[in-house]
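Read off the chains here:
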Amino acid sequence: TVRDLLDGHDGEKGIPGEVIRFVFLSTHYTKPMDWTAEKARQAEATLRKWYILVSGETPSEEAPAEVIDALADDLNTSAAISEMHKLASDERFGDLMAAMRQLGLLETGMGDWTKPRAATDPVQFEIGRVQDKWFAFRQAKTFEKADAIKNDALAVGIEFYVNPDKTPGVRFKASGFTDAESLEVLRVLANKDY
């Protein structure tokens, strides 16, 4: 049940409600719902990416016509989500925000699950923030921005890469990332508008 997914079981953490909603919306309502852990993982990755991409953006006044047209075609939410992937790739982030809201995503407080938890080491926390931004731009195929972040990180001795399983990884090219100066540089990168 949805309650089981939210609560988790057998020691596994629960799945955020927004991720469950996204998986449901990814399947047309006339088709059988086939819930899998992989679909949940992909939905979570997409939502995390979109939250990073729309951060600081101003939403368009209305959802774009291509998303509305998809919804008007027998409530084809899966087609609407396909259009939203295109909006992300085309860097139409204001339109993406409006489309997310049209589908009941990106509501106030709903994205709290996407915020990184404070790490014991504040430097590791900031590295994670920069890495999330880099990976989101890569997934959105905005490679110029991803490369800019990667180059800025390399300049302070941190290399981002993609693992064979398509997850992000990080290598340290130098030492001494716990002093206040390194922390401040990483905070600047995490908050930089690329």
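Residues numbered from 1 in each chain as written. Predicted model: local features only at pLDDT ≥ 70, side-chain atom pairs only at ≥ 80, totals over all residues. Heavy atoms only, no water.

Next up on the list: the layout of surface pockets. Reported here for the second largest pocket is a volume of approximately 160 Å³. Lining the second largest pocket, in full, are Phe22, Val23, Ser26, Thr27, Lys39, Gln42, Ala43, Thr46, Ile81 and His85. Counting residues per element, the ones that place at least two in the lining of the second largest pocket are helix H2 (17–25), helix H3 (37–54) and helix H5 (77–89). No other element matches H3, which puts four residues into the lining of the second largest pocket. When the residues that make up the lining of the second largest pocket are grouped by side-chain class, the tally is four nonpolar, five polar and one charged. (1 Å grid on protein atoms, 1.4 Å probe; cavity = no way out; pocket = protein on both sides within 12 Å on 5 of 7 lines; lining within 4 Å. Points joined across faces, edges and corners; volume = space filled by probe spheres on them. Helix = DSSP H or I, 4+ residues; strand = E, 2+ residues; numbered from the N terminus. Nonpolar A, V, L, I, M, F, W, Y, C, P; charged D, E, K, R; others polar.)

Moving on to the packing of aromatic side chains. By the definition in use, this model includes four aromatic pairs. Pairing Trp134 with Phe135 gives two aromatic rings, centres 6.0 Å apart and planes at 45°, and the pair type is tilted. Phe135 gets classed as buried once you look at its relative accessible area, which sits at 14%. Feature note: the residues Trp134, Phe135 and Phe160 constitute an aromatic cluster, connected by ring pairs. (Phe/Tyr/Trp six-rings, centres within 6.5 Å; stacked < 30°, edge-to-face > 60°. Buried < 20%, exposed > 50% of the residue type's maximum accessible area, 1.4 Å probe, protein only.)

Two strands pair when backbone bridges link them, and strand E1 (residues 158–162) and strand E2 (residues 168–172) are joined in this way by five bridges, in the antiparallel orientation. Its bridge partner being in E2, Ile158 is matched across the sheet by Phe172. Counting the residues between successive antiparallel strands, the hairpin from E1 to E2 contains five residues, one of them, Lys166, with a positive phi of roughly 75°. (Pairing = 2+ DSSP bridges.)

Time to look at the pattern of salt bridges. Evaluation of the coordinates by the stated rule reveals eight salt bridges. Two residues, Glu66 and Arg92, come together in a salt bridge whose shortest N-O distance is 2.8 Å. A residue pair is termed long-range when its members are at least 10 positions apart, and Glu66 in helix H4 (residues 65–72) and Arg92 in the loop between H5 and helix H6 (93–102) qualify at 26 residues. Classification of Arg92 by relative accessible area gives partly exposed; the value is 30%. (Salt bridge = Lys/Arg side-chain N within 4 Å of Asp/Glu carboxyl O.)

Time to look at the side chain of Lys133. On the secondary structure map, Lys133 appears in helix H7 (residues 122–139). For the buried Lys133, no salt bridge is present, and the opposite-charge side chain at shortest range is Asp193, 6.7 Å distant. Sequence-distant contacts of Lys133, that is, excluding residues within four places in its chain, are made with Ile52, Ile149, Leu189, Ala190, Asn191, Lys192 and Tyr194. (Lys, Arg positive; Asp, Glu negative; His and termini not counted. Contact = heavy atoms within 4.5 Å.)

Within H4, the full set of buried residues consists of Val67, Ala70 and Leu71. Looking straight down H4, one finds that the buried residues subtend no more than 95° of arc, so they occupy a single side. Of the exposed residues in H4, those oriented more than 90 degrees away from the buried face are Asp69 and Ala72. Summarising the contacts, the buried residues of H4 are in contact with H5 and H6. Just past H4, the residue Asp74 takes up positive phi, approximately 55°. (Arc of directions from axis to C-beta.)

One can describe the packing of H4 onto H5 by two numbers: an axis separation of 7 Å at closest approach and a directional angle of 165°. Judged by the angle between their axes, H4 and H5 are roughly antiparallel. As H4 runs across H5, the sense of the crossing is right-handed. Residue-level inspection shows Glu66, Val67, Ala70 and Leu71 of H4 in contact with H5, the latter providing Thr77, Ala79, Ala80, Glu83, Met84 and Leu87. Considered class by class, the residues forming the contact of H4 with H5 number seven nonpolar, one polar and two charged. (Axes fitted to C-alpha atoms, helices over the stretch in contact; angles between N-to-C directions. Parallel < 35°, antiparallel > 145°, perpendicular 65-115°, else oblique. Left-handed = near helix turned anticlockwise from the far one by under 90°.)

Another aspect to go through is the packing of H3 against H6. Relative orientation of the contacting elements H3 and H6 amounts to 130°, with a least axis distance of 9 Å. It follows that H3 is oblique to H6 by the angle criterion. Viewed along their axes, H3 and H6 form a crossing whose handedness is left-handed. Judged by residue contacts, Leu47, Trp50, Leu53 and Val54 of H3 engage Phe93, Leu96, Met97 and Met100 from H6. When grouped by side-chain class, the residues that make up the contact of H3 with H6 number eight nonpolar, no polar and no charged.

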